[in-house]
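Given next are the chains, with one letter for each unit.
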Amino acid sequence: MNTTIINLDLWDLVTVYSLLLMSIGLAHLLKAGQNKDLFWSGLRMFVQLLVVGYVLHLVFALKTALPVLLILTVMIGFAVQTIGSRVQVKMPHFYRIVGTAILFGCGGMTFFFCTLVIGLEPWYDPRYLIPLAGMVIGNSMTGASLAVERLAAEFKERREEIETALCLGSSVQLAAEPAVSSAFRAALIPSINAMAAMGLVFLPGMMTGQILSGTEPLIAVKYQIAIMCVITGSVSLTSFLILRLGYRSYFTSHQSLRED
Amino acid sequence: MSRAVPLLQAREVTVSRQGEAGRSQRVLQKTSLEIDAGEVLAVVGPSGGGKSTLLRLFNRLLEPDSGEILLAGINIQTIDPPLLRSRIPLVAQKPFLFSGTVRDNLLASARLRRSASTDLDDPELQELLELCQINSAWLDRDARKLSIGQQQRICLMRALVGPCQALLLDEPTSALDRPMADQLAQTFRELARQKNLAIVLVTHDLRLAELCVDRIALLLDGSVVEEGPATQVLHHPTTAAARQFLSSEPVEHSETKG
């Protein structure tokens, strides 16, 4: 298999940035008022990815575990912060709950895949661990946001139902069960849809990337299948943890609903 | 009048709530109340007077800032809330039924308490069906499609399935028209007598209170200002505050409000 990669040089990048200029022109033409947004987002992307590129270059060269773990920690931190900015209504102890859930949900699944399935040597091999963790965390963020948001909405909508159950002598766990299962369902829908549409509607990014960099398509496909399973596992475990830790925060210590 | 240990007792309970501009507002002020088994007590008073707050203290939906609530002489702080609530269920103003049939709803308590599943053929439940005037033809119907009056009867019976000792009713007739409210009030009285239940009925409907209760406690601004047999409180109040409230809400003309 020919593994020569066609490199992009500076001029190639300048050429593709002309497409952004075209977008700015079109936005201006339609008076959409997004000229500045497009410009700054384009610039941010350039700077951020360039920095990430250099950092990865450095970490790959260092070949020690510490910088890899540091990067993973920063990724989790950004993920929690992003979820926090996305959701309107945050449960009490939001950051603690979501942080724990992402750490164990995403971290556990990525670690499972890298050590037990791929069998990384050394276990922290950044060339695999960092991009895989990035994909797992990035995709789990959507599920986690949905779980948090839906749980809040369910508790608001089902207040009467939950209080009725409590008044009949239900435990908080049983009273919250319909809200929790509905929120879990919502969190998992994107993963289910993505798996079902895989290959038909779009060629997933990782597979495309591997093929572009010279990997045999069948190997790329197997990786894609594996990563989708890991992502779905991570979304479900992260959401499960958020919901299990989160529903209690809607109740007081004497097992009644918190006031709004 | 000295009595044996009452079934339910509120002792000098005080509840504050965070009001506007962060100012703490007293909802109940050292309120005391006693209810015996087999007795119906109405807590009446203007809205915002602390009636519902008092009711919610009895099953620990709320905790008092100070004071204590006793069930048969035992501080309810020492009772696990789910267990307490199965002994003292609360029926809310607006009936809420779980999705499913009437039968599903009537058996919901056992499911929610994870207790042994009961059967509606059980003679005790048959008696309850009769007491609550639930027609057996409703049992397999969609509970949410029944009339409001029928729904409230389902809620009432659903609460009573199990080891119930007292019943808390929060304006249970306010969504009903007058004949239906009167019928339900009769049911409360019969339930208290036949099942030896202590019933606390929160209402602002003085006419209804006179119809079905043994005693009335008048709650004004978080304090019980008058308490005694229904006719005495309503027609021969001893305090000025009670007289003033009753003159503004004449018993004969009070309407059931939503």
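Residues numbered from 1 in each chain as written. Chains lettered and ligands numbered in written order. Predicted model: local features only at pLDDT ≥ 70, side-chain atom pairs only at ≥ 80, totals over all residues.

Draft legend 1. Examining the sheet that holds strand β2 (residues 24-35) of chain B more closely. Residues and elements named next belong to chain B. A sheet is described by the order of its strands in space; here four strands give the open sequence β2-β1-β4-β5, paired in antiparallel fashion. Each of the sheet's edge strands pairs with one partner strand only, and the pair in question is β2 and β5 (74-75). Where strand β1 (residues 8-18) meets strand β4 (residues 66-71), five bridges bridge the pair, whose relative direction is antiparallel. In the sheet register, Arg11 faces β4, and the bridge partner there is Glu68. The sheet contacts of helix α1 (residues 51-58) involve β1, β2 and β4, and relative to β1 the element is tilted by about 120 degrees. (Pairing = 2+ DSSP bridges. Helix = DSSP H or I, 4+ residues; strand = E, 2+ residues; numbered from the N terminus. Contact = placed C-beta atoms within 7 Å. Axes fitted to C-alpha atoms, helices over the stretch in contact; angles between N-to-C directions.)

Draft legend 2. The arrangement of the nonpolar core in detail. In this structure, A:Ala147, B:Phe188, B:Ile199, B:Val200, B:Leu201, B:Ile216 and B:Leu218 are the most contacted members of the largest nonpolar core, which totals 129 residues. Residue contributions to this core peak at 14 residues, all from helix α5 (residues 126-157) of chain A. In this view, B:Leu201 contacts B:Val40, B:Leu41, B:Ala42, B:Leu169, B:Phe188 and B:Val213; residues no more than four positions away in its chain are not counted. (Core = buried A, V, L, I, M, F, W, Y, C linked by C-beta atoms within 7 Å. Buried ≥ 20, exposed ≤ 12 C-beta atoms within 10 Å, placed from the backbone.)

Draft legend 3. View of the environment of B:Ala92. Examined against the element boundaries, B:Ala92 turns out to sit in the loop between β6 (90-91) and α3 (102-106). The class for B:Ala92 is buried, based on 20 C-beta atoms found within 10 Å. Taking the C-alpha atoms as reference points, B:Ala92 and B:Ser52, 40 residues apart in sequence, are found 9.9 Å from one another. Ignoring any residue separated from it by four or fewer positions in sequence, one finds B:Ala92 in contact with A:Thr164 and B:Asp170.

Draft legend 4. Fine view of unusual backbone geometry. Note the cis peptide between A:Glu121 and A:Pro122, where omega equals -10 degrees. Along the chain, A:Pro122 turns up in the loop between α4 (94-118) and α5. Positive phi outside glycine occurs at A:His93, with the angle close to 60 degrees. Note on placement: A:His93 falls in the loop between α3 (65-86) and α4. Exposure remark for A:His93: the 14 C-beta atoms within 10 Å place this residue in the partly exposed category. Although it is not a glycine, B:Glu171 sits at a positive phi angle of roughly 45 degrees. As for its placement among the helices and strands, B:Glu171 is situated in the loop between β7 (166-170) and α7 (178-195). Residue classification places B:Glu171 among the buried residues on the basis of 23 C-beta atoms within 10 Å.

Draft legend 5. View of the environment of B:Leu156. Residue and element names in this part refer to chain B. For Leu156, the position within the fold is in helix α6 (residues 148-160). On the basis of neighbour count, Leu156 is assigned to the buried category, with 24 C-beta atoms found within 10 Å. For the pair Leu156 and Leu128, spaced 28 residues apart in sequence, the C-alpha separation works out to 9.8 Å. In contact with Leu156, other than residues within four places in its own chain, are Val91 and Cys132.

Draft legend 6. The confidence of the model for chain B, seen in detail. Residue and element names in this part refer to chain B. Mean pLDDT over chain B works out to 90, with 95% of the residues at or above the 70 mark. When the criterion is pLDDT under 50, residues 253-258 qualifies, and its contacts beyond four places in sequence or with other chains add up to 13 contacts. Reported confidences for the modelled complex are a pTM of 0.85 and an ipTM of 0.90. (pLDDT = per-residue confidence, 0-100.)

Draft legend 7. Spatial organisation of the sheet that holds strand β3 (residues 40-44) of chain B. Residues and elements named next belong to chain B. With mixed pairing, six strands are arranged side by side in an open sheet as β6-β7-β8-β3-β9-β10. Of all strands in the sheet, those bounded by a partner on one side alone are β6 and β10 (223-229). As defined by bridge partners, β6 adjoins β7 across two bridges and the pair is classed as parallel. Following the sheet pairing, Leu90 is matched in β7 by Leu168. Seen against the sheet, α1 touches β3, β6, β7, β8 (198-202) and β9 (215-220) and runs at an angle of roughly 150 degrees to β8. Against the sheet, α7 contacts β3, β7 and β8, and its axis sits at roughly 155 degrees relative to β8.

Draft legend 8. Geometry of the domain arrangement of chain A. Residues and elements named next belong to chain A. One can read the domain layout of chain A as domain 1 (1-62) and domain 2 (65-250). With centres defined by C-alpha atoms, the gap from domain 1 to domain 2 works out at 28 Å. Contact residues are listed per partner, giving eight residues for domain 1 and nine residues for domain 2. Classifying every residue of the side of domain 1 that touches domain 2 by side-chain character gives six nonpolar, two polar and no charged. (Domains from an automatic or database assignment. Nonpolar A, V, L, I, M, F, W, Y, C, P; charged D, E, K, R; others polar.)

Draft legend 9. Main features of the pairing of β4(B). Residues and elements named next belong to chain B. Where β4 lies against β5, two bridges are found, and the strand directions are antiparallel. By the bridge assignment, Leu71 is partnered in β5 with Ile74. Linkage of β4 to β5, two consecutive antiparallel strands, is achieved through a turn of two residues, within which Ala72 is found at a positive phi near 50 degrees.

Draft legend 10. Representation of the packing of α4(A) against α5(A). All names here are of chain A. Running from N to C, α4 and α5 point in directions that differ by 140 degrees, and their axes come no closer than 10 Å. Here α4 runs over α5; the crossing is right-handed. Across from Val98, Ala101, Ile102, Gly105, Cys106, Met109, Thr110, Phe113, Cys114 and Ile118 in α4, the residues of α5 making contact are Tyr128, Leu129, Leu132, Ala133, Val136, Ile137, Ser140, Ala144 and Val148. Tallied by class, residues from the contact of α4 with α5 come to 16 nonpolar, three polar and no charged. (Left-handed = near helix turned anticlockwise from the far one by under 90°.)

Draft legend 11. Expanded view of helix α7 (residues 172-197) of chain A. Residues and elements named next belong to chain A. With 26 residues, α7 should reach 38 Å at 1.5 Å per residue; the first-to-last C-alpha distance of 38 Å fits that figure. The axis of α7 is deflected most strongly, by about 40 degrees, at Pro178. Three or more residues of α7 are buried, namely Val172, Ala175, Ala176, Ala179, Val180, Ala183, Phe184, Ala187 and Ser191. Tucked inside the fold, the buried residues of α7 contact α5, α6 (159-167) and α9 (217-246). (Expected span 1.5 Å × (residues − 1). Bend = angle between axes of the 7 residues up to and from the residue.)

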